[in-house]
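# Observations on the model geometry
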Amino acid sequence: MKEMIKDWKHIFKLDPDREMTDDTLEAVCMSGSDAIMIGGSSGITYENTVDLLSRVRRYELPCVQEVSDLSAVVPGFDLYMIPMVLNTDHSRWITGLHQAAIEEYGYMIPWELLVPEGYIVLNPDSTVAKLTEAHTDLDESSVTAYAQVADKLMNLPIVYVEYSGTFGDMSIVKEVHQAISSAQLFYGGGIYDAETAREAGRVSDTIVVGNILYSDLKAALSTVSAVKSE
Ligand code: 1GP
């Protein structure tokens, strides 16, 4: 199951806390994107997650949950993405919450479906940066070193460069891509059309497109062929 991620070039990230009509959801799920990721940094509940999962399940593409709140973990996803924020001083975002979750629910965790993600959070204005108090003012070599911690020391399968809400510095993403050897590089943040998708796609393995879905569906859909046809 986890192997399928390697082939993903494009993911749409849906926020269960935001409205999406059936017609829009159909367009998103039939767009040719490789997968739907359900998650967000605030307002995520069991109810809104179950509701969105059941609607996405009408379509064939894989659907994964990015876990940010234990109370909203819903059975029935294809995989569970587990963020570990690397550029924070607060260990709860790296191992603390994870340890507590395992202590309480370890007996029922489907380990084979878990995929840890080494997050490097770089937009200081994003909810996730504020929540985790991430150190976002980093130069290329600092970001690259975090990526190598994830890739070479922690052996994480995914490094996620997260600029949620703003289009990031592609030269940093490119450096990261060149510096890691085993991990797959996810880039997310501010992709708003085919051109930004293409730019991000050139320097990463997989792009994640979120916000633009809720403001300009046509532009969001154009990001799929932008990376899949290259
Ligand atoms: C957010 O990386 C994703 O976690 C996508 O970012 O919402 O800015 O597209 P945007």
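Before reading further, recall that the structure is shown in the block above.
Below, the structure is looked at part by part.

Here is what the cut-offs are and how they apply
Residues numbered from 1 in each chain as written. Predicted model: local features only at pLDDT ≥ 70, side-chain atom pairs only at ≥ 80, totals over all residues. Heavy atoms only, no water. Pairing = 2+ DSSP bridges. Helix = DSSP H or I, 4+ residues; strand = E, 2+ residues; numbered from the N terminus. Axes fitted to C-alpha atoms, helices over the stretch in contact; angles between N-to-C directions. Contact = heavy atoms within 4.5 Å. Salt bridge = Lys/Arg side-chain N within 4 Å of Asp/Glu carboxyl O. Buried < 20%, exposed > 50% of the residue type's maximum accessible area, 1.4 Å probe, protein only. Arc of directions from axis to C-beta.

Note on sheets: strands pair through backbone hydrogen bonds, and any given pair is parallel or antiparallel. Strand order in the closed barrel made by the eight strands is E1-E2-E3-E4-E5-E6-E7-E8, with parallel pairing throughout. Averaged over all pairs of adjacent strands, the angle between their axes in this sheet comes to 30°, without regard to strand direction. When strand E1 (residues 10-14) meets strand E2 (residues 35-38), the two strands line up parallel, connected through four bridges. If you follow phenylalanine 12 over to E2, its bridge partner there is isoleucine 36. Where helix H8 (residues 217-228) meets the sheet, it contacts E1 and strand E8 (206-209), and its direction lies at approximately 155° from that of E1.

What the rule picks out here adds up to nine salt bridges. Lysine 13 is the partner of glutamate 66 in a salt bridge, and the nearest nitrogen-oxygen pair spans 2.7 Å. Placement of glutamate 66 in strand E3 (residues 63-66) and of lysine 13 in strand E1 is noted, with a sequence separation of 53 residues between them. Considered together, glutamate 66 and lysine 13 belong to a single accessibility category, that of buried residues. Between arginine 57 and aspartate 78 there is a salt bridge; the shortest N-O distance is 3.1 Å. Taken as a pair, arginine 57 in the loop between helix H2 (46-56) and E3 and aspartate 78 in the loop between E3 and strand E4 (79-85) lie far apart in primary sequence, 21 residues in all. In the salt-bridge network here, residues are joined through shared partners; they are Lys13, Glu66 and Glu162.

Along helix H1 (residues 22-29), the positions that sit buried rather than exposed are Thr24, Leu25, Val28 and Cys29. Looking straight down H1, one finds that the buried residues subtend no more than 130° of arc, so they occupy a single side. Next to the buried residues of H1 lie E1, E2, H2 and H8.

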